[in-house]
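Coordinates in review
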Amino acid sequence: MSKPNVVVLTGAGISAESGLKTFRDNNGLWEEHRVEEVATPEAFARNPDLVYRFYNLRRQALLSGQVQPNAAHHALVQLEQYLGGRFTLVTQNVDDLHQRAGSKRLLPMHGELLKARCCRTDKLMLLKGELDRANHCRCCEPPSSMRPHIVWFGEMPLYMDEIYEALWQADIFVAIGTSGTVYPAAGLVAEANRNGAHTLELNLESSDSDFKEKRRGRASELVPDWVNEILELR
């Protein structure tokens, strides 16, 4: 039997099981801040120090040593190793847990917390320490200021061409730890359904999404089970 083309989308639910707090809580605030204060280009222009501090704290939490990839992250690596070029992993998360687990074919559509980018050229640099007004790029003369490599509200997600190209070829599209009723997941499942892919939602909570199949439970349990089903088809 030929190997299927698989596209996986992961969201906050997969990282939450590793002990990483999701940005937004039940009252819609991001760590006591409104979205408009810390997650828009206008917020950065208005109060860059607040925005720098917000993401510095997120980066410190990620690098604290207390957050590690869980069984769901590792199962996706196992699936990638089996499928090779027939596998694409898209994540809405800005942490590096997929990378730490060993994922290679990864498209972080909302940016990466451990990178900063030049405000003038958009060139990227690795960043594990603090980011503030004192940081400057190495690509401009005179050096330009840097911003978190995060897709803010009002900005276009990254890798959309690559994501849709993968969806056009997908036999299976799976969303893990994200609601299928909000974008981008809602748009991606609609595209996958149009192209005839089998669509599967693995999520802790029920939703009215358009996925053809839905399974409820913890990602650390559901994902290894689903991956084993794929591997058993060999």
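Looking at an unreviewed UniProt entry, the chain carries the name NAD-dependent protein deacylase, with the source organism given as Saliniradius amylolyticus. As its UniProt record puts it under Function (unreviewed entry), the chain is described as follows: "NAD-dependent lysine deacetylase and desuccinylase that specifically removes acetyl and succinyl groups on target proteins. Modulates the activities of several proteins which are inactive in their acylated form." If you open the UniProt record of the chain and go to Subcellular location (unreviewed entry), you find "Cytoplasm".

1. Some remarks on the pairing of strand β4 (residues 111-118)
Within a regular beta strand, the side chains point alternately toward one face of the sheet and then the other, so they alternate between its two faces. Most of β4 is tucked away: seven of the eight residues are buried. When β4 meets strand β5 (residues 124-126), the two strands line up antiparallel, connected through three bridges. Bridge pairing links Ala116 to Met125 in β5.

2. Considering the side chain of Ser18
Inspection of the secondary structure puts Ser18 in the loop between α1 (12-16) and α2 (35-38). Polar contacts involving the side chain of Ser18 include one to the main-chain carbonyl oxygen of Gln68, which spans 2.7 Å. Aside from chain neighbours lying at most four places away, what touches Ser18 is Gln66, Val67, Gln68, Pro69, Asn70, His73 and Leu97.

3. Some words on the environment of Leu76
Within the fold, Leu76 resides in helix α5 (residues 71-83). With relative accessibility at 0%, the residue Leu76 sits in the buried group. Sequence separation between Leu76 and Tyr55 is 21 residues, and the spatial gap between their C-alpha atoms is 27 Å. Filtering out sequence-adjacent residues up to four positions away, Leu76 remains in contact with Val8, Thr10, Ile14, Phe87, Leu89, His98, Ile176, Val223 and Trp226.

4. Topic: the nonpolar core
In this structure, Tyr55, Leu62, Met146 and Trp152 are the most contacted members of the largest nonpolar core, which totals 27 residues. Only α2, α3 (41-46), α4 (48-62), β4 and β6 (146-150) provide two or more residues apiece to this core. No other element matches α4, which puts six residues into this core. Each of domain 1 (6-20 + 69-110 + 157-232) and domain 2 (23-66 + 115-150) gives at least three residues to this core. Setting aside residues up to four positions removed in sequence, Trp152 forms contacts with Val38, Ala39, Thr40, Pro41, Phe44, Val51, Tyr55 and Arg147. Residues Leu200, Leu202, Ile230 and Leu231 belong to the second largest nonpolar core, which totals 24 residues.

5. Here's the deal with the UniProt feature "binding site: substrate" (unreviewed entry) in the chain
As annotated in UniProt, the feature "binding site: substrate" (unreviewed entry) corresponds to Tyr55 and Arg58 in the numbering used here. Among the secondary structure elements, Tyr55 is positioned in helix α4. Along the polypeptide, Arg58 turns up in helix α4. Arg58 gets classed as buried once you look at its relative accessible area, which sits at 14%.

6. Here's the deal with the domain arrangement of the chain
Considered domain by domain, the chain is made up of domain 1 (6-20 + 69-110 + 157-232) and domain 2 (23-66 + 115-150). If you look at the interface, domain 1 gives nine residues, while domain 2 gives five residues. Regarding the contact of domain 1 and domain 2, the summed buried area is about 510 Å², with carbon and sulfur atoms giving 68% of it. On the domain 1 side of the contact with domain 2, Leu20, Val94 and Arg100 bury the most area, a combined 51% of that side's loss. For the interface between domain 1 and domain 2, the tally reads one residue pair in polar contact (both at pLDDT 80 or more). Taken together, the residues of the side of domain 1 that touches domain 2 sort by class into four nonpolar, two polar and three charged.

7. Quick look at helix α8 (residues 185-194)
Counted residue by residue, α8 has seven buried out of 10 residues, so it is predominantly covered. Regarding α8, the residues found buried are Ala185, Ala186, Gly187, Leu188, Val189, Glu191 and Ala192. Considering only its buried residues, α8 is in contact with β1 (6-10), α7 (160-168), β7 (172-176) and β8 (198-203). Trailing α8 by a residue or two, Gly196 shows a phi angle of about 85°, which is positive.

8. Details of the pairing of β1
Among the five residues that make up β1, five are buried, leaving the element largely enclosed by the rest of the structure. Burial along β1 is two-sided: the face carrying Val6, Val8 and Thr10 and the face carrying Val7 and Leu9 are both buried. Pairing geometry for β1 and β7, over five bridges, is parallel. The residue of β7 that forms the bridge with Thr10 is Ile176.

About the criteria used
Residues numbered from 1 in each chain as written. Predicted model: local features only at pLDDT ≥ 70, side-chain atom pairs only at ≥ 80, totals over all residues. Heavy atoms only, no water. UniProt positions renumbered as here; feature names shortened; annotations may be inferred. Buried < 20%, exposed > 50% of the residue type's maximum accessible area, 1.4 Å probe, protein only. Helix = DSSP H or I, 4+ residues; strand = E, 2+ residues; numbered from the N terminus. Pairing = 2+ DSSP bridges. Polar contact = N/O pair within 3.5 Å; in protein donor to acceptor, adjacent residues only side chain to side chain. Contact = heavy atoms within 4.5 Å. Core = buried A, V, L, I, M, F, W, Y, C linked by side-chain atoms within 4.5 Å. Domains from an automatic or database assignment. Buried area = accessible area lost by both parts, 1.4 Å probe. Nonpolar A, V, L, I, M, F, W, Y, C, P; charged D, E, K, R; others polar.

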